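# A closer look at the structure
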Amino acid sequence: MRLIIAGCEYTGTSTLAFAIDDWMEENIGNRFPLIHDHWKLPHTSGHPQPDMTEEERQQVLALSPVLKEMTQRHSLYYHVQANSWTAPDWMSIGLHIDDSVYSPKYFGYGADHQEHDRKTVSRQVEDAIMRFAPDIVLVHVKASAEVIAQRMEAEPREHSPLTVEDIPDVLARYEEAIANSTLRHKISLDTSNATVGETIAEFTRKIEPHLSETDRSRIMLHRNW
């Protein structure tokens, strides 16, 4: 199973990713070898455990827009090269979708008409994905602006550039990025009023039409086993 889990902060992308990992073990018998969760600056490393010091995070934030852009672009290209797809299971949280939303708004690169604008880079990333993993599913995780604001107040996050005033615009940017994606398989999950268990149940229903033949075979073998 190959998934990109994308959505605004506080929609529950990371929580959902770990829940899907549990779901996959229960239904397929395997876990994802890595969950790539490092696409919102300054959290640019770890799989997904943090492995940067606070000093290193400050160094990332202090990079010029040119260096931020280059670092993120190189990381994007690295994660979709041919040997990324040798195993049947792969998951990333955000990937190029996060970068295309956050970079022009907060980090000074990636806007239209800039060098390496993120619409162009995103298309290049998706071209590589479609070459090697056309079965990948883009999962858009949503929540209402009001719920996100409540979650932000309850659990403020250090380094996050997101503000309450920005939430509607960031949500709109995610909608645009998902709509413009050339990936063939897409589903959406709204966590505004749903528990993790309810969201996983919705995921189970919505992912079924997009399962690859390999995934279907593995699910059947695991059930029979």
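Refer to the structure presented above.
These remarks concern the structure in this document. Because the structure is predicted, anything quoted here is derived from the model rather than measured. (Residues numbered from 1 in each chain as written. Predicted model: local features only at pLDDT ≥ 70, side-chain atom pairs only at ≥ 80, totals over all residues. Heavy atoms only, no water.)

### Description of the sheet that holds strand β5 (residues 185-190)
The strand order across the open sheet built from 5 strands is β2-β3-β1-β4-β5, with neighbouring strands paired in parallel fashion. The two strands at the open ends of the sheet, each matched to only one other strand, are β2 (35-36) and β5. Pairing of strand β1 (residues 2-6) with strand β3 (residues 90-93), which is carried by 4 bridges, proceeds in the parallel orientation. When the bridges of β3 are listed, Ile4 appears paired with Ser92. (Pairing = 2+ DSSP bridges. Helix = DSSP H or I, 4+ residues; strand = E, 2+ residues; numbered from the N terminus.)

### A few points about the packing of aromatic side chains
Following the criterion strictly, the structure yields 5 aromatic pairs and no others. Each member of the aromatic cluster is reached from another via a ring pair, and the members are Tyr102, Tyr106, Phe107 and Tyr174. The ring of Tyr106 carries Lys105 above its face, with NZ or CZ at 5.7 Å from the centroid. The ring of Tyr10 carries the charged tip of Arg157 above its face, separated from the ring centre by 3.9 Å. (Phe/Tyr/Trp six-rings, centres within 6.5 Å; stacked < 30°, edge-to-face > 60°. Lys NZ or Arg CZ within 6 Å of the ring centre and 35° of its normal.)

### What to know about the pattern of salt bridges
Evaluation of the coordinates by the stated rule reveals 19 salt bridges. Residue Glu69 pairs with Arg73 through a salt bridge whose shortest N-O separation is 2.5 Å. Here Arg73 and Glu69 lie together in helix α3 (residues 65-79), a separation of 4 residues that amounts to about one turn. Judged on exposure class, the residue Glu69 and its partner Arg73 are both buried. (Salt bridge = Lys/Arg side-chain N within 4 Å of Asp/Glu carboxyl O. Buried < 20%, exposed > 50% of the residue type's maximum accessible area, 1.4 Å probe, protein only.)

### Some words on the side chain of Arg118
Within the element layout of this structure, Arg118 appears in helix α5 (residues 118-132). Owing to a relative accessible area of 2%, Arg118 belongs among the buried residues under this scheme. Within the local environment of Arg118, its side chain forms a polar contact with the backbone oxygen of His116, the two atoms lying 3.0 Å apart. In contact with Arg118, not counting residues within four places along its chain, are Glu69, Gln72, Arg73, Asp99, Ser100, Ser103, Tyr109 and Gly110. (Polar contact = N/O pair within 3.5 Å; in protein donor to acceptor, adjacent residues only side chain to side chain. Contact = heavy atoms within 4.5 Å.)

### Considerations on the pairing of strand β4 (residues 137-142)
Burial runs high along β4: 5 of the 6 residues are buried. Alignment of β1 against β4, held across 4 bridges, turns out to be parallel. Along β4, the bridge assignment pairs Leu3 with Val137. Sheet analysis places β4 next to β5, joined by 6 bridges and oriented parallel.

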